[in-house]
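# A look at the structure
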Amino acid sequence: MSATNEFKITQIVDNGQMVQLTLIENVSTEPVSQKQMIIENVSKKLDAETKEQVMPLLEAILQAQPTVNIKSYQQTQITIAMPKSRYDNMGRPQVGSTIDVNLKKI
């Protein structure tokens, strides 16, 4: 299995001889409200007539609950240590730069 993924550099530690890059998957995530997820899931399970009766009640109940935002995707994080010369040969990417990482089972 092989997957090439784009990662964004979030931290660089350079001790002079070695460079350590901390990377996080470059995926846009959007927080999803727990209330929104409940309403959508309940809505999928009900027929139109029952939905008309239940949804106003459910929305009223959920208004009293605190809003909890959930990330809809858990990102992969990688830390790579390499010789400074290799980092220089890569073009010295900085925090915020994106790089491709090829992940595959061998």
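As a reminder, the structure under discussion sits directly above these lines.
Quantities reported herein were computed from a predicted structural model and do not represent experimental measurements.

### Notes on the packing of helix 1 (residues 34-45) against helix 2 (residues 48-63)
The description of two helices packed together rests on the angle between their axes and the distance between the axes. At a minimum axis separation of 11 Å, helix 1 and helix 2 run at an interaxial angle of 165°. Classified by the angle their axes make, helix 1 and helix 2 are roughly antiparallel. Here helix 1 runs over helix 2; the crossing is right-handed. Residues Lys35, Ile38, Ile39, Val42 and Ser43 of helix 1 lie in contact with helix 2, whose contacting residues are Lys51, Met55, Leu58, Glu59, Leu62 and Gln63. In terms of residue class, the contact of helix 1 with helix 2 is built from six nonpolar, two polar and three charged.

### What about the nonpolar core?
Core analysis: the biggest nonpolar cluster contains 10 residues, these being Phe7, Ile9, Val19, Leu21, Leu23, Ile78, Met82, Tyr87, Ile99 and Val101. For this core, the elements supplying multiple residues, two or more each, are strand 1 (2-14), strand 2 (18-25), strand 5 (77-83) and strand 6 (98-104). For this core, the element with the most residues is strand 2, which contributes three residues. When neighbours within four sequence positions are excluded, isoleucine 9 is seen to be in contact with Leu21, Thr22, Leu23, Pro93, Gln94, Val95, Gly96, Ser97 and Ile99.

The rules we used
Residues numbered from 1 in each chain as written. Predicted model: local features only at pLDDT ≥ 70, side-chain atom pairs only at ≥ 80, totals over all residues. Heavy atoms only, no water. Axes fitted to C-alpha atoms, helices over the stretch in contact; angles between N-to-C directions. Helix = DSSP H or I, 4+ residues; strand = E, 2+ residues; numbered from the N terminus. Parallel < 35°, antiparallel > 145°, perpendicular 65-115°, else oblique. Left-handed = near helix turned anticlockwise from the far one by under 90°. Contact = heavy atoms within 4.5 Å. Nonpolar A, V, L, I, M, F, W, Y, C, P; charged D, E, K, R; others polar. Core = buried A, V, L, I, M, F, W, Y, C linked by side-chain atoms within 4.5 Å. Buried < 20%, exposed > 50% of the residue type's maximum accessible area, 1.4 Å probe, protein only.

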